[in-house]
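Spelled out from the first residue to the last, the chains are:
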Amino acid sequence: MFHVKRAAELDAADELAKQRALFSLPEGLVYLDGNSLGALPRAVPGRLQDVAGREWGELLIRSWDESGWWTAPERIGDRIAPLVGAAAGQIVVGDSTSVNVFKALVGAIRLADDGRDEVLVDATTFPTDGYIAESAARMTGRTLRPVCPEEVLGALGPRTAAVLLNHVDYRSGRLHDLPSLTAAIHAAGALAVWDLCHSAGALPVGLDEHGVDLAVGCTYKYLNGGPGSPAYLYVAARHQERFDSPLPGWTGHANPFGMTPEYAPADGAVRGRVGTPDILSMLALESSLDVWEGVDVASVRAKSLALTDFFLECVQAYVPEGRLELVTPLAHAERGSQVALRCDDAGEVMKALIARGVVGDFRHPDVLRFGFTPLYVGFGDVERAARVLAEVL
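Residues numbered from 1 in each chain as written. Predicted model: local features only at pLDDT ≥ 70, side-chain atom pairs only at ≥ 80, totals over all residues. Heavy atoms only, no water.

1. A closer look at the UniProt feature "modified residue: N6-(pyridoxal phosphate)lysine" (unreviewed entry) in the protein
Consideration 1: The UniProt feature table records "modified residue: N6-(pyridoxal phosphate)lysine" (unreviewed entry) at K221.
Consideration 2: Looking at the element boundaries, K221 is found in the loop between β9 (214–217) and β10 (232–235).
Consideration 3: Judged by its relative accessible area of 10%, K221 is buried. (UniProt positions renumbered as here; feature names shortened; annotations may be inferred. Helix = DSSP H or I, 4+ residues; strand = E, 2+ residues; numbered from the N terminus. Buried < 20%, exposed > 50% of the residue type's maximum accessible area, 1.4 Å probe, protein only.)

2. Thoughts on the sheet that holds strand β7 (residues 160–166)
Consideration 1: Pairing in this open sheet of 7 strands is mixed, and the strands run β4-β10-β9-β8-β7-β5-β6 from one edge to the other. Of all the strands in the sheet, the pair left with one neighbour each is β4 (91–93) and β6 (143–147). Averaged over all pairs of adjacent strands, the angle between their axes in this sheet comes to 15°, without regard to strand direction.
Consideration 2: Two strands pair when backbone bridges link them, and strand β5 (residues 118–122) and β7 are joined in this way by 4 bridges, in the parallel orientation. Across the sheet, the residue bridging to V121 is L164, located in β7.
Consideration 3: The strands touched by helix α4 (residues 72–80) within the sheet are β4 and β10, with β4 carrying the most contacts at an inclination of about 125°. (Pairing = 2+ DSSP bridges. Axes fitted to C-alpha atoms, helices over the stretch in contact; angles between N-to-C directions. Contact = heavy atoms within 4.5 Å.)

3. What to know about the packing of helix α5 (residues 97–111) against helix α6 (residues 127–140)
Consideration 1: Contact pair α5 / α6: the axes reach a minimum separation of 9 Å and the direction vectors enclose 40°. By the angle between their directions, the pair α5 and α6 is classed as oblique. Considering how the two elements wind past one another, α5 and α6 form a crossing that is right-handed. Packed against α5, whose contacting residues are S98, V101, F102, L105, V106 and I109, the element α6 presents T128, D129, I132, A133, A136, M139 and T140 at the interface.
Consideration 2: Among the residues making up the contact of α5 with α6, the classes are represented as 9 nonpolar, 3 polar and 1 charged. (Parallel < 35°, antiparallel > 145°, perpendicular 65-115°, else oblique. Left-handed = near helix turned anticlockwise from the far one by under 90°. Nonpolar A, V, L, I, M, F, W, Y, C, P; charged D, E, K, R; others polar.)

4. Quick look at the nonpolar core
Consideration 1: In this structure, L196, F311, L368, F370 and L389 are the most contacted members of the largest nonpolar core, which totals 83 residues.
Consideration 2: Looking at this core, the element that brings in the most residues is helix α10 (residues 297–318), giving 8 residues.
Consideration 3: Lining this core are residues from two domains, each supplying at least three of them: domain 1 (2–42 + 295–392) and domain 2 (49–292).
Consideration 4: In this view, L389 contacts V315, V319, L324, L341, V349, L353, L368 and F370; residues no more than four positions away in its chain are not counted.
Consideration 5: Membership of the second largest hydrophobic core comes to 26 residues, among which are V101, A112, A133 and A269. (Core = buried A, V, L, I, M, F, W, Y, C linked by side-chain atoms within 4.5 Å. Domains from an automatic or database assignment.)

5. A closer look at the pairing of β10
Consideration 1: Burial along β10 is two-sided: Y232 and Y234 and L233 and V235, pointing in opposite directions, are all buried.
Consideration 2: Pairing between β4 and β10: 3 bridges, direction antiparallel. Within the sheet, the bridge partner assigned to V93 lies in β10 and is Y232.
Consideration 3: Two elements, β9 and β10, share 4 bridges in a ladder whose sense is antiparallel. In the sheet register, L214 faces β10, and the bridge partner there is V235.

6. Some thoughts on the UniProt feature "binding site: pyridoxal 5'-phosphate" (unreviewed entry) in the protein
Consideration 1: The positions that UniProt labels "binding site: pyridoxal 5'-phosphate" (unreviewed entry) are, in the present scheme, T97, S98, F126, P127, T128, D129, D195, H198, Y220, W250 and T276. Taking the farthest pair of C-alpha atoms as the criterion, the annotated set spanning 180 residues is dispersed, since that pair is 30.5 Å apart.
Consideration 2: Along the chain, T97 turns up in helix α5.
Consideration 3: Take T97: its relative accessible area is 13%, and that puts it in the buried class.
Consideration 4: Looking at the secondary structure, you find P127 in helix α6.
Consideration 5: The partly exposed category is assigned to P127, whose relative accessible area is 31%.

Below, the structure written as structure tokens:
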């Protein structure tokens, strides 16, 4: 009963608790999978109905101008910017994370000195980043070297052109040291490209503060943009004039409606655009970002750490010793906003948890993964999740 009482006390003191009312969540469900797909903000269905019924249904093609469809990629990019510590004019929204990883990495290689013929990639990365990095290196005539993040410092050298790293490891939830790694990459004369999919919206990133060169991220996890919502590309202002996108689409042209055969890139991050924006998904994302109005990312991070600390405390109290192995680092400086636990029968355990209203996810072969989204997860949810986990085990 101690942890139940403690959860109630923590919920009562939670300054972000009011944000939960902005989301549509099934009654009684403990949703700890926001690091895969964020919950639905309540305002989004009404916004989509207006976009489809009025902007598309009535205004038709006029909405490209009158409803602001054409400028949505950079407008929404400017709304994401404060969440990742970037000034306006450096983020453009559109395409998938995979496509943006390709644009960012090839762009970084092209910005590097010609004599640098090696690209480093996180060996533990989400598979797509590795696939894209291999293709980008092959297409640009570079050699790809997969290295673990802790090996990056020793692998950097005069041949390094660019380094692609994940801010948070998708399996373990380990938070990598973006400031120090970026500084080391720059000291070696290379460019730093960061994948923010598992950190943006959960913790401060500080892209401008730490001098990141290029970054990408999805919007359907902690930013709650919806399934398949468009990703984003960050190009630091100092690189924009020389940023040479490998996908020079017509909407990234300086004069897109001039329909000239020669490509002339637009100024700023807009040159990262490729094709016609996916308006329905784009505007659903824009509406979902309303839940961030007045929210301080530092407060989100503080609650995230409190939630994961409390979950680990409850797991330790409820679960028989030796039944689970903690994969996520205990140190706050090394922890994202998820907890990964190793368990021999993890797949069946997760199925049982979901059947009892506690939704996390399973990562092959033996990892239970729980994501903590501070805007709608409470401490009572955390206590219940740990208790049900113990009962299932």
